[in-house]
Amino acid sequence: MTIIAATVRRELLIAFRSPGDIINPLMFFIIAVTLFPLGVGADTEFLSRIASGIIWVTALLAVMLSMDSLFRADYEDGSLEQLLLSPQPLYFIILAKLGSHWLVSGLPIVILAPVLASMLALPSEAMLPLLAGLLIGTPILTMIGAVGMALTVGLSRSGLLLAVLVLPLYVPVLVFGTGTVSMALGGLGISGLLALLGAMLVMAICLAPLAILAALRISVS
Amino acid sequence: MLSVKDLLCERDERVLFQNLSFSVVAGEIWQVEGSNGSGKTSLLRILCGLNDEFDGRIEWYGQDIRKARQDFNQSLFYLGHTPAINKTLTPKENLSWFCASRGLQKQAEIKGALNSFNLYGYDDMPCYQLSAGQQRRVSLARMKLSDAPLWIVDEPFTALDKQGVNELEIFFAEHAAHGGAVILTTHHRLEIGHAVKRINLDKLAGLAG
Amino acid sequence: MWQWLFKLGSPKWFYTMSGQFIPWLTGITVILLGVGLVWGLAFTPPDYQMGENYRIAYIHVPTAIMCYWWYGMMACFSGAYLIWRIKMADMAAKACVPIGFTITAVALFTGSVWGIPTWGTWWIWDARLTSTLVMLFLFAGVMVLRSAFDSVDAGAKAAAVLSLVGVVNIPIVVYSVEWWNTLHQGASNLSLSDTQANPPEVWLPAFFTGFGIFGFFMLALILRTRNEILQRERRADWVKDIFRSGKGEF
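Parameters and conventions
- Residues numbered from 1 in each chain as written.
- Chains lettered and ligands numbered in written order.
- Predicted model: local features only at pLDDT ≥ 70, side-chain atom pairs only at ≥ 80, totals over all residues.
- Heavy atoms only, no water.
- Pairing = 2+ DSSP bridges.
- Helix = DSSP H or I, 4+ residues; strand = E, 2+ residues; numbered from the N terminus.
- Contact = heavy atoms within 4.5 Å.
- Axes fitted to C-alpha atoms, helices over the stretch in contact; angles between N-to-C directions.
- Salt bridge = Lys/Arg side-chain N within 4 Å of Asp/Glu carboxyl O.
- Buried < 20%, exposed > 50% of the residue type's maximum accessible area, 1.4 Å probe, protein only.
- Buried area = accessible area lost by both parts, 1.4 Å probe.
- Polar contact = N/O pair within 3.5 Å; in protein donor to acceptor, adjacent residues only side chain to side chain.
- Nonpolar A, V, L, I, M, F, W, Y, C, P; charged D, E, K, R; others polar.
- Bend = angle between axes of the 7 residues up to and from the residue.
- 1 Å grid on protein atoms, 1.4 Å probe; cavity = no way out; pocket = protein on both sides within 12 Å on 5 of 7 lines; lining within 4 Å.
- Points joined across faces, edges and corners; volume = space filled by probe spheres on them.
- Arc of directions from axis to C-beta.

A few points about the sheet that holds strand β5 (residues 63-64) of chain B
Residue and element names in this part refer to chain B.
Piece 1. Read from one edge of the open sheet, 4 strands run β2-β1-β4-β5, paired in antiparallel fashion. One side of each edge strand has no neighbouring strand; the edge strands of this open sheet are β2 (14-24) and β5.
Piece 2. In this structure, strand β1 (residues 2-11) lies alongside strand β4 (residues 55-60), joined through 5 bridges in antiparallel fashion. In the sheet register, V4 faces β4, and the bridge partner there is I58.
Piece 3. Packed on one face of the sheet, helix α1 (residues 40-48) meets β1, β2 and β4 and runs near 125° to β1.

Spelled out as structure tokens, the structure:
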């Protein structure tokens, strides 16, 4: 079995055996979205204007919260050290880990988003742009979050430190993701924005594993 | 195999050891001794390449390990304090991942490795259902599957009963006899029928300071 | 040239060399700042659009530009530390962070002060202010990360990695915020970066304050780095000599 397949298999097995790690961020996503109408009122016209922003911000926070399950268990049981000592190409192992993590944390958010968006009265022509943005954006968020997680996994009470490090870096993804919805509602083409998001995704795929490896080596030493 | 020249380790402005030089040749067993806090674990982690904060040179067959990382990693088996076993996976799955991570095609031998460490019948139970000693033995079972010549082990005898300790000692001796090398730390008094070379970090510190 | 750069990596050399030109740097900075501030705040003609209120720009604009440049400089030091393991670079990077935070905070504060008479509000979500706010968060993140580690070495390396990750992201963040600003155009498109053709007597003082502020913060950086050197090398003989001779300063 190639190392990538073995890694994906391992990560998915671990994830499905701790269902809490998958379900909790999703529940957070759903509950947090529900808080907004309770906070700002149920006026559908108003909600429909802020719907994409609410979905994006809560999705971003949910992805960030799901980061804890990425390296922490491996760090605590020593598997991370063994990983760093593996003669196999670490770059691809890390990418495989990130991909599997996105499959169980980011993808469910993308799947659930249309349901929540229509609860927030998002206009139907905005649905597809929202989904497209989330589909490209959530992997980027996972990778940036992973860099932050790799830096803080060795700290005992890192808690919200991850948020302080990672949220400012999430700003471009948030801006372009919600931008696709605004542009679509304004009748403008969104392919340029999606291309921009795609470019950011490619850049993240190329560079994030390097930063993650450097950060993991620091955390493990 | 492994040669260390003038190793200096400073952790947070405290010098753990300095001017440490030694060479490990195939067939040798080395024991690192020292009181708690003298830097035994740090030394082992430096030798593995997990810790980069040192001065001096560490060479694997003449090549700096920082430069020949892949070669070195291929030839190294490291066992630290933690068993490096994921608790939600079964022993079989853990060992299967281990094989994949080292490029070994030894799926068929996994059962045999587990059995040789007295883990009959535990193949398919999640590891959190095993006792600490059993988890430790799952971790040790990796040694049977590994083809690495150099073993660096930190406190391998923890959580093992008397029989387990004996068997492990024999296992180390066999590995050395077959041309491998072992570097280990332990508080336990080794009874291997094999000459053991020693590094004492307390004495080293005493010489320096 | 490489010799000189190599020497720069020695804390002792940096300390003694910087000690020699600090008095000069202080003098030049005081003159530049003094001339610039007095000229800009008192003697320039009022702007036709904003009246007397634009004068805060003499402080705001240099600091707003500097905060990005400062992060870049800090990232260079961090890179030097991570790649070539030059401890001096880490000391400089560590000294950079709180100063960078201050520069950004001053930029935001002076921006707010400018905003009150100009738009009637102390905060506006325009592209520049928002980007500068994100810069503030990035500086804060590096500060907090370094201090969260128990081990000094690990904290230094982690802060260096974060700085490098941040510096790659800054152009993206700035571009995205500018794009966001054009998309959500509010009723008033008053940007603090509105530049009209200004006569020389208006922008000349800006040169003075610009270089003066630059000199001021560089001075702060050098002094902070010297403190860091003294602290980290406190067991070295040359440091002990300094303390013994009672000449703590230059």
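Section: the pattern of salt bridges
Piece 1. Taken as a whole and assessed by the stated rule, the structure comprises 21 salt bridges over all chains.
Piece 2. Note that E45 of chain A and R49 of chain A form a salt bridge whose closest N and O atoms lie 3.4 Å from each other. A residue pair is termed a helical-turn pair when its members lie 3 or 4 positions apart in one helix, as E45 of chain A and R49 of chain A do in helix α3 (residues 44-66) at 4 residues.
Piece 3. Overall, the relative accessible area of 58% leaves R49 of chain A in the exposed class.
Piece 4. Note that R244 of chain C is salt-bridged to D241 of chain C, the shortest N-O span being 3.2 Å.

A closer look at the pairing of strand β3 (residues 29-33) of chain B
Side-chain positions along a regular strand alternate between the two faces of the sheet.
Residue and element names in this part refer to chain B.
Piece 1. Summarising burial for β3: 5 of the 5 residues are buried, a large majority.
Piece 2. With 4 bridges connecting them, β3 and strand β8 (residues 181-185) associate as parallel partners. If you follow Q31 over to β8, its bridge partner there is L184.
Piece 3. Sheet analysis places β3 next to strand β9 (residues 196-200), joined by 5 bridges and oriented parallel. Bridge assignment links V32 to a residue of β9, and that residue is I199.

Notes on the interface of chain B and chain A
Piece 1. Counting residues at the interface gives 28 residues for chain B and 27 residues for chain A.
Piece 2. For the pair chain B and chain A, the summed buried area comes to about 2,400 Å², and 52% of that belongs to carbon and sulfur atoms.
Piece 3. Among the residues of chain B in contact with chain A, L50, T88 and W97 of chain B are the three that bury the most area, contributing 25% of the side total.
Piece 4. Taking the shortest distance from any N to any O, the salt bridge between E93 of chain B and R17 of chain A comes out at 2.8 Å.
Piece 5. The tally of links from chain B across to chain A stands at 8 residue pairs in polar contact (both at pLDDT 80 or more).
Piece 6. Residue assignment for the side of chain B that touches chain A shows that the elements contributing at least two residues are α1, α2 (69-74), β6 (76-79) and α3 (91-101) of chain B.
Piece 7. At 5 residues, the largest contribution of residues to the side of chain B that touches chain A is made by α3 of chain B.
Piece 8. When its residues are assigned to classes, the side of chain B that touches chain A shows 10 nonpolar, 12 polar and 6 charged.

A few points about helix α2 (residues 11-43) of chain C
Piece 1. The axis of α2 of chain C is deflected most strongly, by about 40°, at F21 of chain C, and proline P23 of chain C appears within four residues downstream.
Piece 2. For α2 of chain C, every residue scored as buried is listed here: P11, F14, Y15, M17, S18, G19, I22, L25, T29, L33, G36 and G40 of chain C.

Side note on the interface of chain C and chain A
Where interface size is quoted, it is often the accessible area lost as the parts come together.
Piece 1. Each partner contributes residues to the interface: chain C has 26 residues there, and chain A has 24 residues.
Piece 2. The junction of chain C with chain A conceals about 2,100 Å² of combined surface from both sides, 89% of it contributed by carbon and sulfur atoms.
Piece 3. Contact with chain A buries surface across chain C, with V161, I172 and W179 of chain C losing the most and accounting together for 22% of the total.
Piece 4. The tally of links from chain C across to chain A stands at 0 salt bridges.
Piece 5. Our enumeration of links across chain C and chain A arrives at 0 residue pairs in polar contact (both at pLDDT 80 or more).

Remarks on empty space enclosed by the protein
Piece 1. Evaluated as defined, the whole model comprises 5 cavities of 30 Å³ or more.
Piece 2. Put simply, the largest cavity is a space of about 130 Å³.
Piece 3. Lining the largest cavity are R10, S79, Q82, L83 and S86 of chain A together with A84, I85, N94, W97, F98, S101 and R142 of chain B.
Piece 4. Secondary structure elements with two or more residues in the lining of the largest cavity: α5 (79-84) of chain A together with α3 of chain B.
Piece 5. Top contributing element to the lining of the largest cavity by residue count: α3 of chain B, with 4 residues.
Piece 6. Tallied by class, residues from the lining of the largest cavity come to 5 nonpolar, 5 polar and 2 charged.
Piece 7. Looking at the second largest cavity, its volume works out to about 70 Å³.
Piece 8. In terms of lining residues, the second largest cavity is bounded by 10 residues, among which A6 and R9 of chain A together with E93, S96 and W97 of chain B are the most central.
Piece 9. Looking at the lining of the second largest cavity, the elements with two or more residues in it are α1 (3-17) of chain A together with α3 of chain B.
Piece 10. Broken down by class, the residue content of the lining of the second largest cavity amounts to 6 nonpolar, 1 polar and 3 charged.

Re the side chain of S52 of chain A
Piece 1. By the element assignment, S52 of chain A lies in helix α3.
Piece 2. Sequence-distant contacts of S52 of chain A, that is, excluding residues within four places in its chain, are made with L122, L130, T178 and V181 of chain A.

Thoughts on the sheet that holds β8 of chain B
All names here are of chain B.
Piece 1. Across the sheet, 5 strands lie side by side as β6-β7-β8-β3-β9; this open sheet has parallel pairing. This sheet does not close on itself; its edge strands, each paired only once, are β6 and β9. Taken pair by pair, the neighbouring strands of this sheet meet at an average axis angle of 15°, ignoring direction.
Piece 2. Where α1 meets the sheet, it contacts β3, β6, β7 (150-154) and β8, and its direction lies at approximately 150° from that of β7.

Let's talk about helix α8 (residues 237-245) of chain C
Residues and elements named next belong to chain C.
Piece 1. Those residues of α8 that sit buried are W238, V239 and I242. An end-on view of α8 places all buried positions within 105° of arc, on one side of the element. Among the exposed residues of α8, those oriented more than 90 degrees off its buried face are D237 and R244.
Piece 2. Looking at the residues trailing α8, positive phi occurs at G246, about 80°.

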